[in-house]
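Below are the chains, spelled out letter by letter.
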Amino acid sequence: MTQVRDGFQSRLGFVLAASGAAVGLGNIWGFPTQAANHGGGAFLLVYFIVIFLLALPALYTELYLGHQAQANPVKALRQAWQDTAPKVGATAGYIGLFGAVVMLSFYSIVAGWMLAYALEPIASFFGFNQLSQFLHSDSMARNFIFTPLMLILTASIILKGVKSGIETWSRRLMPMLLLLLIVLIIYIATLDGAMAGFAAYLIPDFKQIFDANLIIAAMGQAFFSLSLGVGCMMVYGSYLSPDANLPRLTGTVALLDSGVAFLAGLLIIPAIFVAQHNGVEVFSNGKLVGEGQLIFAILPQLFSTMGEIGLVVGLLFFVLMSIASVTSTISSTEIPVAFLVENHKVGRTKATVLVSLVVLLASSLIIVNFDWLFALVIMVLTQYQLPLMGLFYFITVGWLWQRGNKLHQVSSGPHYWFAQYIRFVCPILMTAVFVNVAFG
């Protein structure tokens with residue numbers, strides 16, 4: 001007797017879960033910096049074109065592989081390669097699994113920072129100054145407290161399965177994330193300096209639209225912001241019912257993810273100009289400072305210039321960042337958990353605990369060797385694995401997978417032309433992203 005797989009109960013549940021997987025720190029942290037440094041409105045325009053030309057087909061391809069196989073990435077890719085080299089497909093699935101664990105190992109550390117920064121305004125409000133300093137400190141002790149906390153939080157959701165865990169919590173967390181974003185945008189818009197930020201973000205400099213650096217940056221951001229390349233979309237696709245309308249669902253997820261990225265820009269870039277208006281240095285060598293400096297230095301400085309309301313704004317902002325972190329760690333954890341449950345018949349509880357312990361061990365290695373290992377791990381994953389796996393999925397669906405591949409069975413109409421687009425155009429675009437991200 002075949003065991004019935006857990007799955008999403010509703011289209012909305014899937015869309016919120018998949019969007020939650022895609023909406024991570026890359027949208028709220030990375031996207032606004034890229035937009036500010038590449039012509040504001042010009043970057044926005046190119047980004048939305050690129051979402052349609054590359055990220056949407058990539059998202060569809062990954063979801064399609066999982067949906068057709070109704071299985072985790074190792075099984076799905078082995079099945080897709082069954083007529084040529086099943087071991088190659090399975091190996092790619094294992095690389096995805098490894099990538100998911102690696103991504104979790106550094107993402108859980110960063111998610112822990114977000115949680116610590118979310119608690120800091122509460123500590124400040126109650127006058128716990130030493131605790132406040134500890135929460136803002138860049139210490140190994142803080143990392144060893146908050147990284148396991150985020151892993152436990154993620155595991156507690158994964159333990160409950162797809163319907164009761166992932167779908168239920170996505171339905172709660174994603175509307176909360178959107179509400180917090182909108183509330184913060186409205187508040188920041190009332191502050192001096194915000195209008196200059198809105199102008200920089202929304203008014204395109206059309207001279208920059210054909211800039212090669214801008215186009216490549218937009219392609220990379222569009223691909224990475226949808227969490228493609230490690231297999232989480234493949235797993236989520238496998239939890240859809242076999243008769244699900246995949247093209248429509250793909251479009252909805254991409255639209256919601258892009259919408260959140262757009263809203264994040266509406267929040268972060270005006271906030272940066274407000275900070276500049278308040279005397280905070282936000283540009284270095286003509287470029288907006290990015291990465292850790294932006295989130296953990298400039299914005300907290302801005303919140304501190306606001307007086308007591310700054311404590312509330314800081315709390316809301318880092319709660320928002322914590323939610324974005326959790327929705328992403330959930331999807332990455334589900335990849336190895338699904339593999340253990342389906343391929344090795346391990347119970348979900350045992351699989352979740354096992355995966356969490358492995359990730360904790362990997363995170364601990366990074367924390368202890370932070371200065372050289374943290375950046376290296378992120379570089380290997382984002383510059384090499386994610387784009388190469390995206391390219392591999394295109395080649396699999398476009399060229400190698402024959403039996404059961406409906407895209408190969410159509411000979412006319414929109415589906416036929418879409419199949420040709422995936423076969424010929426997408427691999428070229430994906431290769432361009434990889435070459436420029438890895439060697440540019």
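Since the model is a prediction, treat every value here as computed from it, not as a measurement. (Residues numbered from 1 in each chain as written. Predicted model: local features only at pLDDT ≥ 70, side-chain atom pairs only at ≥ 80, totals over all residues. Heavy atoms only, no water.)

1. So, the packing of aromatic side chains
Rule in force here: Stacked, tilted and edge-to-face pairs are distinguished by plane angle, under 30 degrees for stacked and over 60 for edge-to-face with tilted covering the rest, among Phe, Tyr and Trp rings (Trp via its six-membered ring) whose centres lie within 6.5 Å. Only DSSP runs of H or I with at least four residues qualify as helices, and only runs of E with at least two residues qualify as strands; both kinds are numbered from the N terminus onward. Each residue is placed in one exposure class: buried if its accessible area under a 1.4 Å probe, protein chains only, is under 20% of its type's maximum, exposed if it is over 50%, and partly exposed if it falls in between.
One pass over the full model with this rule turns up 34 aromatic pairs. With a centroid separation of 6.4 Å and 90° between ring planes, the pair formed by Phe106 and Phe374 is classed as edge-to-face. One end of the pair, Phe106, is in helix H5 (residues 86-125); the other, Phe374, is in helix H16 (residues 370-400), with 268 residues separating them in the sequence. The class for Phe106 is buried, based on a relative accessible area of 8%. Given a relative accessible area of 12%, Phe374 falls into the buried group. With a centroid separation of 6.4 Å and an interplanar angle of 15°, the aromatic rings of Phe296 and Phe318 are classed as stacked. Linking Phe296 in helix H13 (residues 291-304) with Phe318 in helix H14 (residues 308-343), this pair joins segments that are 22 residues apart in sequence.

2. Focus: unusual backbone geometry
Here Ser227, not a glycine, exhibits a phi torsion of approximately 55°, which is positive. Structurally, Ser227 can be placed in the loop between helix H10 (212-225) and helix H11 (232-238). Residue classification places Ser227 among the buried positions, given a relative accessible area of 16%. You will see that Lys345, though not glycine, has its phi angle at about 55°, which is positive. One can find Lys345 in the loop between H14 and helix H15 (348-368). Accessibility expressed as a relative area gives 65% for Lys345, which makes it exposed.

3. A short note on the nonpolar core
Condition: We define the nonpolar core as a collection of buried residues of types Ala, Val, Leu, Ile, Met, Phe, Trp, Tyr and Cys that are connected through side-chain atoms lying within 4.5 Å of one another. Two residues form a contact once any of their heavy atoms are found within 4.5 Å.
Among the nonpolar cores identified, the biggest contains 155 residues, and Phe14, Tyr236, Phe317 and Phe318 are the most heavily contacted of them. Other than its neighbours up to four places away in sequence, Tyr236 contacts Phe8, Phe14, Ala17, Ala18, Ala21, Ile166, Ile330 and Ser331.

Don't take any of this as a statement about function, it's just geometry.
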